[in-house]
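# Coordinate analysis (summary)
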Amino acid sequence: MTTQVDFWFDPLCPWAWMSSRWMLEVEKVRDVHTTFHVMSLAELNSGRDLPDDYRRTMDLEGWIGVRAAAAVDQRYGSEALRAFYTAIGTRYHLGKEPKTPETVAAALTDAGLDPAIADEAQTDQFDDAVRTSHYEGMEPVGMDVGTPVIRVNEMSLFGPVISPAPKGEAAGDLFDGFVKMTAYPGFFELKRTRTVGPIFD
């Protein structure tokens, strides 16, 4: 039986991107299907006291990607959102392209979607959809974590935060362990200091 995995991401986050590439690798070696959902770091950090540079990132770049993603999900469905996430993440994280309407429009085009969504994503018309998806993902894990959030068998955890994303059977082994930890309702946290940044390949 196929294991259904729900994955909440903000296109801005390189760590969510790393974990999403891991999940796509897991699908090659385990009977798993990943459904992607939008969360918003800008919404999560709304009203919080943030460092100036991070606040500028949230204010200037934090909304257009998630609004576009919510629009894609609403209009085209989850498989299109999956394709859009790959397209925008490739441009944001591998291509180091600016988080601008032009980049979002190009990613929409890459995914075979209407690039005019990038214009609409500069308004607040998709904010209710963003927030609905955001809180669906975040409420089970609490608001003191970020993205990614992964739900397996109706149990959710923040993470994993990984670099680089494992390939092949190593990806499957990590997923097996993640599922076991997620299954125990009394499990809350494992952590060690990050010694590397996101290693994209």
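My aim in this report is to walk through the structure given alongside it, one point at a time. (Residues numbered from 1 in each chain as written. Predicted model: local features only at pLDDT ≥ 70, side-chain atom pairs only at ≥ 80, totals over all residues. Heavy atoms only, no water.)

## Quick look at the nonpolar core
- Counting residues in each nonpolar core, the largest one holds 58 residues, and the members touching the most others are Trp22, Met23, Phe84 and Val104.
- For tryptophan 22, the residues in contact, after removing those within four places along its chain, are Ile150, Pro160, Ile162, Ala165, Pro166, Ala171, Leu174, Phe175 and Phe178. (Core = buried A, V, L, I, M, F, W, Y, C linked by side-chain atoms within 4.5 Å. Buried < 20%, exposed > 50% of the residue type's maximum accessible area, 1.4 Å probe, protein only. Contact = heavy atoms within 4.5 Å.)

## Digging into the pairing of strand 4 (residues 155-158)
- Direction of pairing for strand 3 (residues 149-152) relative to strand 4: antiparallel, over a ladder of four bridges. Its bridge partner lying in strand 4, isoleucine 150 is registered against leucine 157.
- What sits between strand 3 and strand 4 in their antiparallel hairpin is a turn of two residues, with asparagine 153 showing a positive phi close to 55°. (Pairing = 2+ DSSP bridges. Helix = DSSP H or I, 4+ residues; strand = E, 2+ residues; numbered from the N terminus.)

## Here we look at the packing of helix 4 (residues 64-76) against helix 5 (residues 78-94)
- Orientation of helix 4 relative to helix 5, taken along the N-to-C sense of each, is 155°, at an axis distance of 7 Å. Looking at the two axes, helix 4 sits roughly antiparallel to helix 5. Crossing of helix 4 against helix 5: the hand is right-handed. Two secondary-structure elements touch here, helix 4 through Ile64, Gly65, Ala68, Ala69, Val72, Asp73 and Tyr76 and helix 5 through Ser78, Ala80, Leu81, Phe84, Ile88 and Tyr92. (Axes fitted to C-alpha atoms, helices over the stretch in contact; angles between N-to-C directions. Parallel < 35°, antiparallel > 145°, perpendicular 65-115°, else oblique. Left-handed = near helix turned anticlockwise from the far one by under 90°.)

## Some details on the sheet that holds strand 2 (residues 32-38)
- Within the open sheet, the four strands sit side by side as 2-1-3-4. Their pairing is mixed. Two strands bound the open sheet, and with one partner strand each, they are strand 2 and strand 4. Mean inter-strand twist for the sheet, computed between neighbouring axes without regard to direction, equals 20°.
- Strand direction decides the pairing type here: strand 1 (residues 3-9) and strand 2, joined by seven bridges, are parallel. By the bridge assignment, tryptophan 8 is partnered in strand 2 with histidine 37.
- This element, helix 5, spans strand 1 and strand 2 of the sheet and lies at about 80° to strand 2.

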